[in-house]
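# Architecture and fold: a report
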Amino acid sequence: LFQALATTQVQDGYFVKHVQNARESATYLTLLSRRLVRMYSARTVSSCTKDELGQRSDAEAATYHTRLLHFGDFNEMAVKNKVMSVSELFARQLMQLTGISAARAASILELYPTPHLLIDAYDQVGSEAAKQNLLSKVTAGAAQRRFNSAPLYHMYGKATTT
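All figures in this text were calculated on a predicted structure; none of them were measured in a lab.

It is worth spelling out the overall build of the chain at this point. A tally of helices and strands in the chain yields 9 helices and 4 strands. The order of α-helices and β-strands along the chain, N terminus first, is α-α-β-α-β-α-α-α-α-α-β-β-α. Across the 162 residues in the chain, those meeting the buried criterion constitute 24%. Put simply, 44% of the contacts in the chain that link residues at least 6 apart link residues at least 24 apart. A total of about 11,300 Å² of accessible surface is found on the chain, and carbon and sulfur atoms cover 55% of it.

Attention now goes to the nonpolar core. Among the nonpolar cores identified, the biggest contains 19 residues, and L94, I100, L152 and Y156 are the most heavily contacted of them. Among the secondary structure elements, those contributing two or more residues to this core are helix 5 (86-94), helix 6 (102-111), helix 7 (115-124) and helix 9 (150-157). Discounting chain neighbours no more than four positions away, the residues touching L94 are I100, A105, I108, L152 and Y156.

So, on to the packing of aromatic side chains. Counting across every chain of the model gives 2 aromatic pairs. Geometrically, the ring pair formed by F90 and Y156 is edge-to-face, given 5.5 Å between the ring centres and 85° between the ring planes. Note that F90 is positioned in helix 5 and Y156 in helix 9, a separation of 66 residues in sequence.

About the criteria used
Residues numbered from 1 in each chain as written. Predicted model: local features only at pLDDT ≥ 70, side-chain atom pairs only at ≥ 80, totals over all residues. Heavy atoms only, no water. Helix = DSSP H or I, 4+ residues; strand = E, 2+ residues; numbered from the N terminus. Buried < 20%, exposed > 50% of the residue type's maximum accessible area, 1.4 Å probe, protein only. Contact = heavy atoms within 4.5 Å. Areas by Shrake-Rupley, 256 points an atom, 1.4 Å probe, with all protein chains shown as cover. Core = buried A, V, L, I, M, F, W, Y, C linked by side-chain atoms within 4.5 Å. Phe/Tyr/Trp six-rings, centres within 6.5 Å; stacked < 30°, edge-to-face > 60°.

Structure below.
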């Protein structure tokens, strides 16, 4: 489940909303539905192919006309088409965390090229305090500044304990 969430959020580019229970999930979906209704209620919505998507007539541009993909084209575009290495996927996953830039992700990948190696490193550290400080000395960028490694600890350091 952990890997599926990460893949969905990072590789597929979807926002993943974490909720505590079915009630929170229903509440979130209700609010999302209301927002979509507000966004599109004053618009004319029509379907188009992926080739037609970027083409708008002057009449459409002057009105509240929105074109959305046919489901078949949308589904075809959503299919994974690039094979990524574990390290590439891991880097993209890291950059989704608050405060992790490409340079910081690269610094982490130099030490731990895969999530498995990072999780193993956390497992080998004894105390919780030591786990929280495992990446505290990693630096990145021209200034070689340290960064807050707490999000990494919560995502990978606790991966085997939950």
